[in-house]
Amino acid sequence: MLFPEGVAIDGISGEVTPSTDRYTKKLSELSGLFHDAAAFDKVVAEGGDPIAYEVVDYRKQECDICFGTTIMMPGQVGGEYFMTRGHFHERKDCGEGYYTQSGEGLLLLESREGEVRTVEMKPGICAFIPPEWAHRSINTGSEKLVFVWFCATDAGHDYGTIRERGMRKLVVERDGRPAIIDNPNF
Ligand code: F6R
Ligand code: ZN
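Rules and cut-offs
- Residues numbered from 1 in each chain as written.
- Chains lettered and ligands numbered in written order.
- Predicted model: local features only at pLDDT ≥ 70, side-chain atom pairs only at ≥ 80, totals over all residues.
- Heavy atoms only, no water.
- Phe/Tyr/Trp six-rings, centres within 6.5 Å; stacked < 30°, edge-to-face > 60°.
- Buried < 20%, exposed > 50% of the residue type's maximum accessible area, 1.4 Å probe, protein only.
- Lys NZ or Arg CZ within 6 Å of the ring centre and 35° of its normal.
- Pairing = 2+ DSSP bridges.
- Helix = DSSP H or I, 4+ residues; strand = E, 2+ residues; numbered from the N terminus.
- Axes fitted to C-alpha atoms, helices over the stretch in contact; angles between N-to-C directions.
- Core = buried A, V, L, I, M, F, W, Y, C linked by side-chain atoms within 4.5 Å.
- Contact = heavy atoms within 4.5 Å.
- Polar contact = N/O pair within 3.5 Å; in protein donor to acceptor, adjacent residues only side chain to side chain.

With that settled, the discussion passes to the packing of aromatic side chains. Counted according to the given criterion, the structure contains 3 aromatic pairs. Consider the rings of Y58 and F67, whose centres lie 5.0 Å apart with planes at 20°: the pair is stacked. Owing to a relative accessible area of 22%, F67 belongs among the partly exposed residues under this scheme. Above the plane of the ring of Y159 lies R85, whose end atom (NZ or CZ) is 4.1 Å from the centre. For the cation-ring pair, R112 lies above F88, with the distance from its terminal atom to the ring centre recorded as 3.7 Å.

The strand order β3-β4-β5-β13-β8-β11 describes an open sheet built from 6 strands, whose pairing is antiparallel. Because the sheet does not close on itself, it has two edges, and the strands there are β3 (21-26) and β11 (126-129). With direction set aside, neighbouring strand axes in the sheet form an average angle of 20°.

Counting 41 residues, the largest nonpolar core has L27, F34 and Y98 as the members making the most contacts within it. Among the secondary structure elements, those contributing two or more residues to this core are α1 (37-46), β4 (51-58), β5 (65-72), β9 (105-111), β11, β12 (133-139) and β13 (145-152).

In this section: the environment of E132. By secondary structure assignment, the location of E132 is in the loop between β11 and β12. Apart from residues no more than four positions distant in its own chain, E132 is found in contact with F88, H89, K92, E110, S111 and R112. A distance of 3.2 Å separates a polar atom in the side chain of E132 from a polar atom in the side chain of R112.

Looking now at the environment of F34. As for its placement among the helices and strands, F34 is situated in the loop between β3 and α1. For F34, a relative accessible area of 6% gives the class buried. A C-alpha to C-alpha distance of 30 Å links F34 and I9, two positions 25 residues apart in sequence. With residues up to four places along the chain from it excluded, the contact list for F34 reads L27, F40, V77, E80, Y81, F82 and M83.

It is worth stressing that arrangement in space is one thing and function is another; only the former is reported here.
Shown next as C-alpha cells:
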C-alpha cells in the first residue's frame, strides 16, 4: 500500500529526498551526440570524462505518476553545449512537464512531423511537452541547470530515433550567447 509523503526537492543541488532511483551520465556515454567528434574525444580525455548530467527519480510502479529531477552540468563540446540524449516517449499519449528550478538552458523539441520549437529554461518556467514531441534539454549557462520533471510512470523512452538521426537543430555558443543553428548532419 502506498502512503502520502512530502518529498524534498533542493532547487540548487537537485537532490530528491526520499528518492527511489538515480543514474549518472558521464560525457563518454554521450558519444555520437555532439557534432564535433574530435572535440568530443578531447573534452573526454582532457576533462577526465566529466559528469554531464544526473537524474534522480521518485517513482512508485503501482502509481501512474512519477517525478524527479535532472541536474545538468555546464560545459561545451566544440561550441555545442552539454545536452541530454533526447527522446520521444514510447507511449504516444504521454506528455511531460519540466519545471526549471535553477540555472539556464533551452529545451529543444521536435515533433514527429519535423516541426522544431524551443522553450527557455529558467527558474519559474514550467515547460509543457506535448505527446509525440522529442525533447532534449541543453545547459546554456555557466552553472548547473536543475529542473523537476513529471510524467506518467510508464511513459517509456524511445531513444533510438534521435540517436540514429540526431535532431534538426544544434544549440551552440556564438559571440557568448546561445544560437540555434541547422544540424549539418541531419
Ligand atoms: C523523462 C524525461 C527526463 C529525462 C532526463 C534525461 O521522460 O524526459 O527525466 O529522461 O532529463 O534526458 P534523456 O533521458 O533524454 O537522456
Ligand atoms: Zn521525457
